[in-house]
Amino acid sequence: MNEYSWIITVIFVIGYFLITIEHLTKINKTAIALLMAVFCWVVYFQDPSISYEKDHYNFMHHLGDVSQIIFFLMGALTIVETISVHQGFKVITDSIRLSSKRRLLWTLGGIAFFLSAVLDNLTTTVVMISLLDKLVKEREVKWYIGGAIVIAANAGGAWTPIGDVTTTMLWIGNQISTLLIMRDLFFPSLACMIVSFIPFHMQLTGKFTEESRTVETNKHVPHTSLIFFLGIALLIFVPIFKILTGLPPFMGMFFGVGLLWFVTDLIHSDHKARDYLLVPNILKEIDLASILFFLGILLSINSLDSSGVLPRLAQVFDTYIGNTTLIAVFIGLFSAIVDNVPLVAAAMGMYPLSQYPTDSQFWQLIAYCAGTGGSILIIGSAAGVVFMGMEKVNFFWYVRKISFPALLGYFAGIGVYLLQQMLFH
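What you see is a predicted model; the values in this text were computed from it and never measured.

### Observations concerning the overall build of the protein chain
Then, number 1: The helix and strand inventory of the protein chain stands at 20 helices and zero strands.
Then, number 2: Over its C-alpha atoms the protein chain spans a radius of gyration of 22 Å, differing by no more than 12% from the 22 Å that the globule rule assigns to 425 residues.
Then, number 3: The principal-axis extents of the C-alpha atoms in the protein chain amount to approximately 70 × 55 × 50 Å.
Then, number 4: Evaluated residue by residue, the protein chain yields a buried proportion of 54% over its 425 residues.
Then, number 5: Contacts spanning at least 24 positions in sequence make up 79% of the contacts within the protein chain whose residues lie at least 6 apart.
Then, number 6: When the accessible surface of the protein chain is split by element, carbon and sulfur atoms take 67% of a total near 18,700 Å².
Then, number 7: Charged side chains of the protein chain number 24 positive and 27 negative; the gap between the two group centres comes to 12 Å.

### Here's the deal with the packing of aromatic side chains
Then, number 1: Under the definition given, this model contains 32 aromatic pairs.
Then, number 2: Centroid distance Phe113 to Phe186: 6.1 Å. Interplanar angle 65°. Geometry classified as edge-to-face. Of this pair, Phe113 sits in helix α6 (residues 101–118) while Phe186 sits in helix α10 (residues 178–203), and the two are 73 residues apart along the sequence. An identical accessibility class is assigned to Phe113 and Phe186; each is buried.
Then, number 3: Arranged with centres 6.3 Å apart and planes meeting at 65°, the rings of Tyr144 and Phe200 form a pair that is edge-to-face. With a gap of 56 residues between them, Tyr144 in helix α8 (residues 139–158) and Phe200 in helix α10 connect regions that are remote in the sequence. Here Tyr144 matches Phe200 in class, with each residue buried.
Then, number 4: Joined through ring pairs, the aromatic side chains of Trp106, Trp143, Tyr144, Phe197, Phe200 and Trp397 make up one cluster.
Then, number 5: Over the ring of Phe293 we find Lys29, and its NZ or CZ is 4.5 Å from the ring centre.
Then, number 6: Positioned over the ring face of Trp143 is Arg139, at 4.3 Å from the centre of the ring.

### Digging into a nonpolar patch on the surface
Then, number 1: A contiguous nonpolar patch, built from Phe71, Met74, Leu247, Met251 and Phe254 and spanning about 390 Å² of accessible area, is present on the exposed surface.
Then, number 2: Elements with a minimum of two residues in the nonpolar patch: α4 (52–85) and α12 (249–268).
Then, number 3: The residue Met251 is located in helix α12 in this model.
Then, number 4: Note on Met251: relative accessible area 34%, which makes it partly exposed.

### Some words on the nonpolar core
In a soluble, globular protein the nonpolar side chains are often hidden away together inside.
Then, number 1: If you look at the biggest cluster of nonpolar residues, it comprises 127 residues, and the most contacted ones within it are Leu104, Leu108, Ile145, Ile297, Trp363 and Ile366.
Then, number 2: Beyond its immediate chain neighbours, meaning those up to four positions away, Ile145 contacts Lys101, Leu104, Leu105, Leu108, Leu132 and Leu204.

### Focus on the packing of helix α1 (residues 3–20) against helix α3 (residues 29–45)
Then, number 1: Here α1 crosses α3 at 180°, and the two axes come no closer than 9 Å. Compared by their axis directions, α1 and α3 come out roughly antiparallel. Every residue of α3 that contacts α1 at Tyr4, Ile7, Ile8, Ile11, Phe12, Gly15, Tyr16, Leu18 and Ile19 is listed here: Lys29, Ile32, Ala33, Met36, Phe39, Cys40, Val43 and Tyr44.
Then, number 2: Broken down by class, the residue content of the contact of α1 with α3 amounts to 15 nonpolar, one polar and one charged.

### Things to note about the pattern of salt bridges
Note on pairing: side chains with opposite charge can pair once their charged atoms come close.
Then, number 1: Applying the stated criterion to the full structure yields four salt bridges.
Then, number 2: Across the pair Lys142 and Glu391 runs a salt bridge, and its minimum N-O distance is 3.9 Å. Of the two residues, Lys142 sits in helix α8 while Glu391 sits in helix α19 (residues 382–391), which places them 249 residues apart along the sequence. Each member of the pair, Lys142 as well as Glu391, carries the same accessibility label: buried.

### Some words on the layout of surface pockets
Then, number 1: Here the second largest pocket is characterised by a volume of approximately 630 Å³.
Then, number 2: Along the walls of the second largest pocket sit 25 residues, with Phe12, Leu313, Phe334, Leu343 and Ala346 positioned nearest its centre.
Then, number 3: In terms of residue count, α1 provides more of the lining of the second largest pocket than any other element does, six residues in total.

### Overview of the side chain of Ser189
Then, number 1: On the secondary structure map, Ser189 appears in helix α10.
Then, number 2: Judged by its relative accessible area of 0%, Ser189 falls in the buried class.

Conventions we followed
- Residues numbered from 1 in each chain as written.
- Predicted model: local features only at pLDDT ≥ 70, side-chain atom pairs only at ≥ 80, totals over all residues.
- Heavy atoms only, no water.
- Helix = DSSP H or I, 4+ residues; strand = E, 2+ residues; numbered from the N terminus.
- Rg over C-alpha atoms; globule rule 2.2 N^0.38 Å.
- Buried < 20%, exposed > 50% of the residue type's maximum accessible area, 1.4 Å probe, protein only.
- Contact = heavy atoms within 4.5 Å.
- Areas by Shrake-Rupley, 256 points an atom, 1.4 Å probe, with all protein chains shown as cover.
- Lys, Arg positive; Asp, Glu negative; His and termini not counted.
- Charge placed at Lys NZ, Arg CZ, Asp CG, Glu CD.
- Phe/Tyr/Trp six-rings, centres within 6.5 Å; stacked < 30°, edge-to-face > 60°.
- Lys NZ or Arg CZ within 6 Å of the ring centre and 35° of its normal.
- Patch = residues over 30% accessible without salt bridge, like charges linked within 9 Å, V, L, I, M, F, W, Y side chains within 5 Å.
- Salt bridge = Lys/Arg side-chain N within 4 Å of Asp/Glu carboxyl O.
- Core = buried A, V, L, I, M, F, W, Y, C linked by side-chain atoms within 4.5 Å.
- Axes fitted to C-alpha atoms, helices over the stretch in contact; angles between N-to-C directions.
- Parallel < 35°, antiparallel > 145°, perpendicular 65-115°, else oblique.
- Nonpolar A, V, L, I, M, F, W, Y, C, P; charged D, E, K, R; others polar.
- 1 Å grid on protein atoms, 1.4 Å probe; cavity = no way out; pocket = protein on both sides within 12 Å on 5 of 7 lines; lining within 4 Å.
- Points joined across faces, edges and corners; volume = space filled by probe spheres on them.

Dropping the structure here:
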């Protein structure tokens, strides 16, 4: 590592620190991430020991990889927002009528677990917390079940290539494949949820009173069921599309967006009052800031890779830790504090496929640990952050009530995964 590598590292550390104190500075994390990415690459291009041709090749190579993830996210958010605007998720919410607190816990947790495997943990949490608001008035009970939903959504997102952005990154990067990640991580992820839920089950007793129920009525939206089932089917079809065609996953997602766009134009374009249900208007509601945040973070990480910082960090890990299982476990625990996107991106840059090939135990454990470790603290995952924002959950309440069950589930899933490897491989 030369002085340019050190400058890039300092820029990244300062930038990431500013991102973590966004609530104090009031400067949006996306602005910091984009500036950080630009400054890192500017410094990299100034290094006289690297030719301009190699600079340009490295940048364009990384930009191609990052663009696949960004396009994938844009497509996924468009499909999910289209379902949401059509009130498609009411298909789920309207079917739940439970009075037992424990049954509601397991029902919502189970739905979150499987729904996040198809959608993503962030979207699933928004949907399920919105549902929880309609079903429960008692704040303490709502917070308990909400914390459980965060754990279930993160666990459910870890075992499919489209359930969590970090798993998607590994899938697009060819570190994992569709069928093997689903086969090998399903039971560890399920164990994570079940073991975490046991303390919640013991804590929640009794039934809800009729007064604790609220039923909201929304204006009728045409073709709700059609858009819901078509949208979910198109999301499920993305990995199948990749297997059938060999094209990158974002092309399968673009196929889904195009088909859903075609259908919504077909059924709504003749009705002026339904303009808000058309995709061009729905695109205005997409969270572009989050997409640009991922872009900035990933490009910054890539600059660390190209400048030799991440390969050097991998050598340090191998020297002082050595055991790949422990490295994955530490990455998962660290993701409770630091966003798991840069952690996984760093791991992808530190360890090439020539060292750990596709579907190796290391990459599968990274997918599981980074996906579920963020549940240990409320700030450790996008699902936790959105739960905190929607329900005004206190950070220290979450630490006291949710963190320990989440930690138990985290290690239970690791244990199940290692047991599977011993018995069947």
